[in-house]
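# An overview of the molecular structure
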Amino acid sequence: MAEEKFVFDSLQDCESIKEFLESLIEGFEKHSIDLSTNGDEIHLAPQGLLNFTVKAKKKGAENKLSIKVSWKDAPSIQPAEDAFLKVR
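Residues numbered from 1 in each chain as written. Predicted model: local features only at pLDDT ≥ 70, side-chain atom pairs only at ≥ 80, totals over all residues. Heavy atoms only, no water.

Under an unreviewed UniProt entry, the name given to the chain is Amphi-Trp domain-containing protein, and the source organism is Pseudodesulfovibrio hydrargyri.

Now for the overall build of the chain. Within the chain, the secondary structure is distributed over 1 helix and 4 strands. In sequence order, the secondary structure elements of the chain are arranged as α-β-β-β-β. Expressed as a percentage of its 88 residues, the buried residues of the chain come to 6%. Within the chain, residue pairs in contact and separated by at least 24 positions form 28% of the contacts whose partners lie at least 6 positions apart. (Helix = DSSP H or I, 4+ residues; strand = E, 2+ residues; numbered from the N terminus. Buried < 20%, exposed > 50% of the residue type's maximum accessible area, 1.4 Å probe, protein only. Contact = heavy atoms within 4.5 Å.)

Attention shifts here to the pattern of salt bridges. Think of it this way: side chains of opposite charge can pair up when their charged atoms draw near. Summed over all chains, the structure comprises 3 salt bridges. Residue Lys-5 pairs with Glu-3 through a salt bridge whose shortest N-O separation is 3.9 Å. Neither residue differs from the other here; Lys-5 and Glu-3 are each classed as exposed. As a salt-bridge pair, Glu-15 and Lys-18 come within 3.8 Å of each other at their nearest N and O atoms. (Salt bridge = Lys/Arg side-chain N within 4 Å of Asp/Glu carboxyl O.)

The next subject is unusual backbone geometry. With a phi angle near 60°, His-31 is a residue other than glycine that sits in the positive phi range. With respect to the helices and strands, His-31 occurs in the loop between helix H1 (14-30) and strand S1 (33-37). One non-glycine residue, Asn-38, adopts positive backbone phi at about 45°. Mapped onto the fold, Asn-38 is located in the loop between S1 and strand S2 (40-44).

So, on to the side chain of Thr-37. When you line up the elements, Thr-37 lands in strand S1. Given a relative accessible area of 18%, Thr-37 falls into the buried group. If we skip the residues at most four places from it in the chain, Thr-37 touches Phe-6, Val-7 and Phe-8.

The next point concerns a nonpolar patch on the surface. Together, Phe-52, Val-54, Leu-65 and Ile-67 line one region of the surface with nonpolar side chains, adding up to about 450 Å² of accessible area. Put simply, the parts of the chain that give the nonpolar patch at least two residues each are strand S3 (51-59) and strand S4 (62-70). Along the polypeptide, Ile-67 turns up in strand S4. (Patch = residues over 30% accessible without salt bridge, like charges linked within 9 Å, V, L, I, M, F, W, Y side chains within 5 Å. Areas by Shrake-Rupley, 256 points an atom, 1.4 Å probe, with all protein chains shown as cover.)

This is the structure in structure tokens:
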């Protein structure tokens, strides 16, 4: 399967980041996250248990906060057409 990537990098103020995070919260609640910018877009459907990692680092005047959420899509289970169970 082809890999899909989405990257957005910009300078934002705290209020803009808060609004983005609130939108992400809504997406997690709906199990549907759509991201788009400049013609790039990706759809994610978080379901079930998700890996959640938070990292923080401070070095001199530089600060970094990383939040990572990952999961695997559950394979859609479709019955085989020739699957048949007979009970007597």
